[in-house]
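Descriptive structure summary
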Amino acid sequence: MRSLQLPAVPGFDEMIAPGGEVRPHYTSYHDWLLRQDRSLLLRKRKEAELQFHRVGITFNVYGEESGTERLIPFDTLPRVLPASEWSLLERGAIQRVQALNLFLHDIYHDQNIIRDGRIPAEQVFGNAQYQPCMQDVDLPNQVYSQISGVDLIRDGEGSWFVLEDNLRTPSGVSYMIENRRMMMRLFPELFAGQSVAPVEHYPALLLETLQQSATHSHPCVVLLTPGQFNSAYFEHAFLAQQMGIELVEGADLFVKNGYVYMRTTAGPQKVDVIYRRIDDAFLDPLAFRSDSMLGVPGLISVYRQGNVVLANAVGTGVGDDKSIYPYVPDMIRFYLDEEPILSNVPTWQCRKQDDLKVVLEKLPELVVKEVHGAGGYGMLVGPAASQTEIESFRARLLADPDNYIAQPTLSLSTCPVFVDEGIAPRHIDLRPFVLSSNEPRVVPGGLTRVALKPGSLVVNSSQGGGTKDTWVLESGEDSTC
């Protein structure tokens, strides 16, 4: 059988096996793709770009003088996962988030994992994301991260690893939903012949999760945004609209008599749950940064009294800090008495002298990241860096080793992408979203991010990455297009 001819790239390709045969769960889509004319795919890509612009699916890149909003590139070739494989990833992501929520409750209460010697005390209490104001504060269901994103990668052998955890304000779910809508609009015939698990119910599940985090029925839920100049503002507005809740800024809320209220044309309305997309430091100028114009004065006092729920909780950043990441497998064993379903990427902690020595010796081979970094900023990809960049980063490491971790440069799996020169493999990752309330739930698929530059391993949109739809086949390995 004829198969798609892709440029040779070392490692694991999601669609084409090493011998050139098509992987079973891709068979139907692959056969359909072979029948498509390049001009059709190009026309569909342009249509997608036009529609995304009309809807306003853009983001801002911090530091750009122009302040121009960008469109995140969307690839019209989906990434396909069989049900059996998705089941493993779903269970692994849920297990990980459950352990992290237990860890966060523990460090702000009895601190058993520290007393047991599993994690050094200074790694927690000296962490910039640790919030002393959360000590002994009891949260509904003991859930700190109601919305979590778990970044997964596949190495050159096809094995899955967790690259990092996102517990503070994970973003990207709006692109997961809009990518699916776009694919269904562009290629309705594909969904007629494929048993693809749906994702459009995510906003309903998210609203239910937020409502369940309240201490009483029929709570008033709002989404707190920093405003239209935030890079993820489209997502804030999108999710608020989809959930049917108010999108508010700090100036729309105020504290009175121990409660939070929203200003409305009909008068003040008490707010019970705030889905906040603002970092801890800017939430309350009376508790954190006094110069913050984004938050609500007095909010933390109300929060500590239990009169309002913040999702995600203040202080969750300890759990997704990259210096804590190496300890998550031990958290799973300690709190759940289980072995991790998904493995960590091997990690050197540069704060340890022996680890730092290894990292400095192997710097051109490694990926080095800031422990508080995000968005692909502040990192070194050794094999892709110049000698000047490597030596500059070496100086940073020596000056502040506690601020960095290092990992081997894994050959991320590739997936076919429709680019200007045709169909070619590009490296990808996957971010499933775990919702935690009465029970953890994951919408099938998540967000697949694509490194559009040939050979690049950086998938972040701020670094030129794109996205594609992620299909989880609900039954069997194959279906008919």
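Reading the values: rules and limits
- Each chain has its residues counted from 1, following the order in which its sequence is written.
- Since the coordinates come from a predicted model, pLDDT governs what is reported: local features require at least 70, and pairs of side-chain atoms require 80 or more to be given and counted, while whole-chain, interface and lining totals use all residues.
- Hydrogens are left out, water is left out, and the side-chain values use all remaining heavy atoms of the structure.
- A carboxyl oxygen of Asp or Glu within 4 Å of a side-chain nitrogen of Lys or Arg is what we treat as a salt bridge.
- A run of DSSP states H or I qualifies as a helix once it reaches four residues; a run of E qualifies as a strand once it reaches two. Both are numbered from the N-terminal end.
- Only protein chains enter the accessibility calculation, which uses a 1.4 Å probe; a residue whose area is less than 20% of its type maximum is buried, one above 50% is exposed, and one in between is partly exposed.
- pLDDT gives the predictor's per-residue confidence on a scale running from 0 to 100.
- Here, residues are in contact when the closest pair of their heavy atoms is within 4.5 Å.
- Every axis corresponds to a line fitted to the C-alpha atoms, with the helix fit spanning only the stretch in contact, and the corresponding angles, defined between N-to-C directions, vary from 0 to 180 degrees.
- Throughout, the term roughly parallel applies to angles under 35 degrees, roughly antiparallel to angles over 145, roughly perpendicular to angles from 65 to 115, and oblique to all others.
- What a helix should span is 1.5 Å times the count of its residues minus one.
- Polar contact is defined as a pair of N or O atoms within 3.5 Å, subject to the rule that within protein one atom must be able to donate a hydrogen and the other to accept it, and that residues adjacent in sequence are counted only when both atoms are side-chain atoms.
- For two strands to be treated as a pair, DSSP must find at least two bridges joining them.

Per the counting criterion, the structure on display carries 24 salt bridges. The partner of Arg 45 in a salt bridge is Asp 420, with the nearest N and O atoms 2.9 Å apart. Residue Arg 45 is found in helix α2 (residues 38-55), and its partner Asp 420 is found in the loop between β18 (414-419) and β19 (422-431); the two are separated by 375 residues along the sequence. Its relative accessible area of 14% is what places Arg 45 among the buried residues. Here Asp 420 falls in the exposed class, since its relative accessible area comes to 60%. Between Asp 429 and Arg 449 there is a salt bridge, and its shortest N-O distance comes to 2.7 Å.

On to the confidence of the model for the protein, then. Looking at the protein as a whole, the pLDDT averages 91, with 93% of positions reaching at least 70. Of the regions scoring below 50 in pLDDT, residues 477-481 engages in 22 contacts with residues more than four places distant in sequence or in other chains.

Geometry of a packed helix pair, given as the angle between the helix axes and the separation of the axes. Following both chains from N to C, one finds helix α3 (residues 83-107) and helix α12 (residues 328-336) inclined at 80 degrees, their axes separated by 9 Å at the closest point. By the angle class used here, α3 and α12 are roughly perpendicular. Taking contact as the criterion, the partners of Gln 95, Arg 96, Gln 98, Ala 99, Leu 100, Leu 102, Phe 103 and Asp 106 in α3 are, on α12, Val 328, Met 331, Ile 332, Phe 334, Tyr 335 and Leu 336.

A word on helix α6 (residues 173-186). With 14 residues, α6 extends 20 Å between its outermost C-alpha atoms, agreeing within 8% with the 20 Å of an ideal straight helix rising 1.5 Å per residue. Extensive coverage of α6 is indicated by the burial of eleven of its 14 residues. Inspection of α6 places Val 173, Ser 174, Tyr 175, Met 176, Ile 177, Glu 178, Asn 179, Arg 180, Met 182, Met 183 and Leu 186 among the buried residues, and these make up the whole buried set.

As for its placement among the helices and strands, Arg 441 is situated in strand β21 (residues 441-442). For Arg 441, a relative accessible area of 17% corresponds to the buried category. In terms of polar contacts, Arg 441 uses its side chain to reach the side chain of Glu 208, at 2.8 Å.

Turning our eyes to something else, we now look at the sheet that holds strand β9 (residues 259-262). Read across the open sheet, the three strands follow the order β8-β9-β10; overall the sheet is antiparallel. Since the sheet does not close on itself, it has two edges, and those belong to β8 (253-256) and β10 (269-271), each with one partner. Ignoring strand direction, the axes of neighbouring strands in this sheet form an average angle of 45 degrees. In this sheet, β10 lies alongside β9 in antiparallel orientation, the contact comprising three bridges. Bridging from a neighbouring strand, Tyr 261 pairs with Lys 270 of β10.

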